[in-house]
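Residue strings, one per chain:
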Amino acid sequence: MLKVEKLNISRGNKRLITDLSFSISPGESLLITGQNGSGKSTLASVIANDYRADSGEVLIEGKLGVLLQNIEIDFPITVSEFLDLADESNRNQELIDRLISPDLLPKKITQLSVGQLQRVEIAQVIKQDPDIYLLDEPFSAQDKENSEILIEIFKTLKSKGKSIVLINHIKLDLNELVDQVLDLS
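Residues numbered from 1 in each chain as written. Predicted model: local features only at pLDDT ≥ 70, side-chain atom pairs only at ≥ 80, totals over all residues. Heavy atoms only, no water.

Topic: the sheet that holds strand β3 (residues 29-33)
Taken in spatial order, the five strands make up an open sheet running β5-β6-β7-β3-β8, and their pairing is parallel. One side of each edge strand has no neighbouring strand; the edge strands of this open sheet are β5 (64-67) and β8 (180-183). Averaged over all neighbouring strand pairs, the angle between strand axes comes to 15 degrees, with direction disregarded. Examined bridge by bridge, strand β6 (residues 132-136) and strand β7 (residues 163-167) share five bridges and lie parallel to one another. Bridging across to β7, isoleucine 132 finds its partner in serine 163. Of the strands in this sheet, β3, β5, β6 and β7 touch helix α1 (residues 40-47), which is tilted by about 145 degrees from β6. Together, β5 and β6 form the strand contacts of helix α4 (residues 114-127), whose direction differs from that of β5 by roughly 175 degrees. (Pairing = 2+ DSSP bridges. Helix = DSSP H or I, 4+ residues; strand = E, 2+ residues; numbered from the N terminus. Axes fitted to C-alpha atoms, helices over the stretch in contact; angles between N-to-C directions. Contact = heavy atoms within 4.5 Å.)

These results come straight from atomic positions and should not be treated as a statement about function.
Quick look at the structure:
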């Protein structure tokens, strides 16, 4: 379960979020949307404990898996080695196999396209098998086909009782995936 209570967040002198409260239970999903600069990614950073809110509370029950936007990975390791860094069971291997084609596994992370790298990062989060997925702009570098694969994977995770928080500003039809929408505009 994820519960946010009376959260206030600023960046510099600008108040981005005022008195925000929401919660999601196991097996539920939340779409956080809004214009650029509305505080979506900052909110994700607060939930991930990478940025401090001015006030309020974030309560997390269970393991949190996080994909933040614009993470740069510049390690001279292969995709396979990167996925092994998660050091978890292969419980979700069938989902990972849908995201990562076998021909990518021996490639160096630095050789991947932006979309391929994003899928590898998502696969590593899935491999960690968290209770709550916090995914900031997981569709931003994906084409239609890969976006549809991701939506199906997220639906499968929900059916397994996983909570999913998606932060997205791209126009996608996510109605069949999300239970709640929070618009920060």
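Next comes the rest of the write-up.
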